[in-house]
Amino acid sequence: MFTAAGRSAQPSPATLAMMLADARLPVGGHVHSGGLEPALRAGMPVSDVPEYLIGRAGTTSLVEAGTAVVARHAVLAAGSDSWQLRSALADVERAWAARTPSRTMREVSRALARGYVRFARTLWAQHPGVAECESTPGGVARPIILGVLAAAAGIDAAGLVRLVVYDDAQSVAAAMLKLEPLDPAIPAGWVLAACASAEPSIDSLAALTSPDAIPASGAPQSEEWAEVHSRTTQRLFRA
Amino acid sequence: MSAADHRARLDLRAGAIVPREIERTEATARVALVAGGALLLGGDEVHIDVTVGAGCTLELQDIGGTVAYAADGVRSSWSVDVTIDVGGTLLWSGMPLVVATGAAVERSLRVDLAAGARAFLRETIVLGRSFERGGTARLRTDTWLEGEPLFVEELSVAGDRPVPGVIGHNRVLDSILVLGTRVPPPGIAPANHFEFEGAGCLTRTLGRELHRESLDVAWAQVIASVPQLDPV
């Protein structure tokens, strides 16, 4: 991969980060609204959406980003030691699952991860982290494969945190345009505000190495909405 | 507590909370927890340690709820550490913790379960007394089963800063936490029942007003499902 006739060229980690944050990447993110459709269906007023975004950036996104950072660290620390890699990634997955009480949210995350794993195995087939995610029974959580991809692509921990926070906010904003159409520039501003609200946490999140230290910020209302939504049949988004 | 030939050994130590034995047999005990004075005031630090020996069943009953009083934002803490040995069971019938406007409470719950151990915990958090929006609370929960994390959560809530998706404009979090086993309580909407990846589950409802009735019924069923205890 990345080897053209007679010369080897590597894409910049910044390019790869842009690609991972790009909704045009065929990983299936378009079926998710970042919990927005469940929230609006449950009666959350549209005027609450900017606060909802900032709330996510300070709760579920931190769990997601912390998990991805620790998964990235686990891959880099294990090097070529496949036993250590398997054990370390399983610990991260377990820590994430313990912080994700909603079965629906766990299932949605693992379904999303499958799209990334398909993408990763084509581009980084030889990478031990990618191979490990592919062979994990039951699949891995989305932040695990994102952490593995960051390790494979050379994306640093702070960049990974921003990627996770941005991607979550942008999922909500993009879904907003389908659910409650409005001037597309407005939700883009909400995304930037949500990302800005997470900036003070970026350095401490990026420094995480232990699964125990992953943030555990819950969002009980979103969890309940997600469970209600998973049982409805007429919906645009899976979650 | 630990099991003994005729009656379980209970080692009760009083502090801000005074434990009082109600009854006990070889391996079961029922203990009431009574506040020793006005709780919680700003700066108070209440710590409760509970150890349940192998094969024992301990039932704790809060006598009366707790109010965290207005304290101009001075923090108070309420931390509980529970250790349950192999095959032990803890039931804790918690009463509401009311976080008054101006209170800043840090609530920590740590439960460490050995193989075959189980815990059933009722908890109600209320933001504000009547006609209040309530203070701030950080609710930290860390639980392990055989050394592996089972359920870990940190909720930060503030009565004057409702965050949609966290608890929104709700003031009451009512919950039944089951660790080491799963008990789906009857009469609860599926969306209020969360099954963990490991052996455990959480039933939780959010509300604007304190109506414990729905979970009271579920809690009674949960207690009835634990065979070692006779109904009071």
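Computed from a prediction, not measured in an experiment: that's the story for all the values here.

Draft legend 1. Representation of helix α10 (residues 185-206) of chain A. All names here are of chain A. With 22 residues, α10 should reach 32 Å at 1.5 Å per residue; the first-to-last C-alpha distance of 30 Å fits that figure. The largest bend in α10 is about 55 degrees, located at P200. Residues of α10 that are buried: P187, W190, V191, A194, C195, A198 and L205. For α10, the elements touching its buried residues are α3 (49-57), α4 (60-78) and α9 (157-179).

Draft legend 2. Seen up close, the sheet that holds strand β6 (residues 75-84) of chain B. All names here are of chain B. Taking strand neighbours across the sheet as the criterion, the five strands line up as β3-β6-β9-β11-β12 in an open arrangement whose pairing is mixed. Edge positions in the sheet fall to β3 (45-52) and β12 (148-158), since each of these pairs with one other strand and no more. Ignoring strand direction, the axes of neighbouring strands in this sheet form an average angle of 5 degrees. As judged from the 10 bridges shared by β6 and strand β9 (residues 104-113), these two strands associate in the parallel manner. Within β9, the residue paired with D81 across the bridge is R110.

Draft legend 3. Structural detail: the environment of E154(B). Relative to the elements of secondary structure, E154(B) occurs in strand β12. A C-alpha to C-alpha distance of 8.7 Å links E154(B) and D142(B), two positions 12 residues apart in sequence. Ignoring anything within four residues of it in the chain, the contact list for E154(B) reads A216(A), S217(A), G218(A), R138(B), L139(B) and R140(B).

Draft legend 4. Region of the structure containing the nonpolar core. If you look at the biggest cluster of nonpolar residues, it comprises 113 residues, and the most contacted ones within it are I144(A), I145(A), L160(A) and A169(A). Leaving out residues up to four positions away in the same chain, I144(A) has contacts with T67(A), A71(A), L89(A), V92(A), E93(A), A113(A) and C133(A). Core analysis: the second largest hydrophobic core is formed by 24 residues, L97(B), V98(B), A103(B) and I125(B) among them.

Draft legend 5. Inspection of the pairing of β9(B) at higher detail. Residue and element names in this part refer to chain B. Burial analysis of β9 places seven of its 10 residues in the buried class, the great majority of the element. Strand direction decides the pairing type here: β9 and strand β11 (residues 136-145), joined by 10 bridges, are parallel. Note that in β11 the partner of V111 across the bridge is T143.

Draft legend 6. Region of interest: the interface of chain A and chain B. Contacts between the two partners involve 30 residues from chain A, matched on the other side by 25 residues from chain B. Of all the secondary-structure elements, those providing two or more residues to the side of chain A that touches chain B are α3, α5 (82-98), α6 (103-123) and α11 (220-230) of chain A. With seven residues, α11(A) is the single largest residue contributor to the side of chain A that touches chain B. Residue classes in the side of chain A that touches chain B are distributed as 11 nonpolar, eight polar and 11 charged.

Draft legend 7. How the structure looks around unusual backbone geometry. Residue and element names in this part refer to chain B. Cis geometry is adopted by the peptide bond preceding L40, which originates at L39 and carries an omega value of -20 degrees. Counting through the fold element by element, L40 comes out in the loop between β2 (28-35) and β3. A positive phi angle, close to 50 degrees, is found at D72, a residue other than glycine. The topology assignment puts D72 in the loop between β5 (66-68) and β6. Despite not being glycine, E146 shows a phi value in the positive range, around 50 degrees. Note on placement: E146 falls in the loop between β11 and β12. Judged by C-beta crowding, with 15 C-beta atoms within 10 Å, E146 ranks as partly exposed.

Reading the values: the criteria
- Residues numbered from 1 in each chain as written.
- Chains lettered and ligands numbered in written order.
- Predicted model: local features only at pLDDT ≥ 70, side-chain atom pairs only at ≥ 80, totals over all residues.
- Helix = DSSP H or I, 4+ residues; strand = E, 2+ residues; numbered from the N terminus.
- Expected span 1.5 Å × (residues − 1).
- Bend = angle between axes of the 7 residues up to and from the residue.
- Buried ≥ 20, exposed ≤ 12 C-beta atoms within 10 Å, placed from the backbone.
- Contact = placed C-beta atoms within 7 Å.
- Pairing = 2+ DSSP bridges.
- Axes fitted to C-alpha atoms, helices over the stretch in contact; angles between N-to-C directions.
- Core = buried A, V, L, I, M, F, W, Y, C linked by C-beta atoms within 7 Å.
- Nonpolar A, V, L, I, M, F, W, Y, C, P; charged D, E, K, R; others polar.

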